[in-house]
Amino acid sequence: DIPLEGACEGSCTCSTCHVQVQSEDVFDQLDEDQPATDEEDDMLDQAFDLQPNSRLGCQLQMKPYMDGMHVRIPEATRNMAVDGYVPTPH
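Residues numbered from 1 in each chain as written. Predicted model: local features only at pLDDT ≥ 70, side-chain atom pairs only at ≥ 80, totals over all residues. Heavy atoms only, no water.

A.B. asks: Go over unusual backbone geometry with me, naming the residues and quoting the values.
C.D. replies: Look at E9: it is not a glycine, yet its phi comes out positive at around 60 degrees. By relative accessible area, which is 52% here, E9 ends up exposed. Despite not being glycine, D49 has its phi angle at roughly 60 degrees, a positive value. Tracing the sequence through the fold places D49 in the loop between α2 (38-44) and β2 (54-56). Judged by relative accessible area, which is 29%, D49 ranks as partly exposed. (Buried < 20%, exposed > 50% of the residue type's maximum accessible area, 1.4 Å probe, protein only. Helix = DSSP H or I, 4+ residues; strand = E, 2+ residues; numbered from the N terminus.)

A.B. asks: Describe the nonpolar core, with residues and values.
C.D. replies: V21, V26, F27, L30, L60 and M66 form the largest nonpolar core, which has six residues in total. C12, C17, M43 and L44 belong to the second largest nonpolar core, which has five residues in total. (Core = buried A, V, L, I, M, F, W, Y, C linked by side-chain atoms within 4.5 Å.)

That is the geometry; function is a separate question.
Rendered as structure tokens:
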């Protein structure tokens, strides 16, 4: 389990689930199997600490080749929700 905020509950309308895929081979395969959509790229443009290996966790469908994948969670997120909002874990 990864403690991601997920303020939009997986609808690709925020960047709080931003992760950086550290496993290069997995990232390369993701780029072929599950390329980022224009909507995901637009949300990533708002993400804190955007990197070439950045993806939105909510847009990734888990596949066997991702077993053992390492991701980095940036130290901060940009959440447009009001102060005190507590998301429900997925």
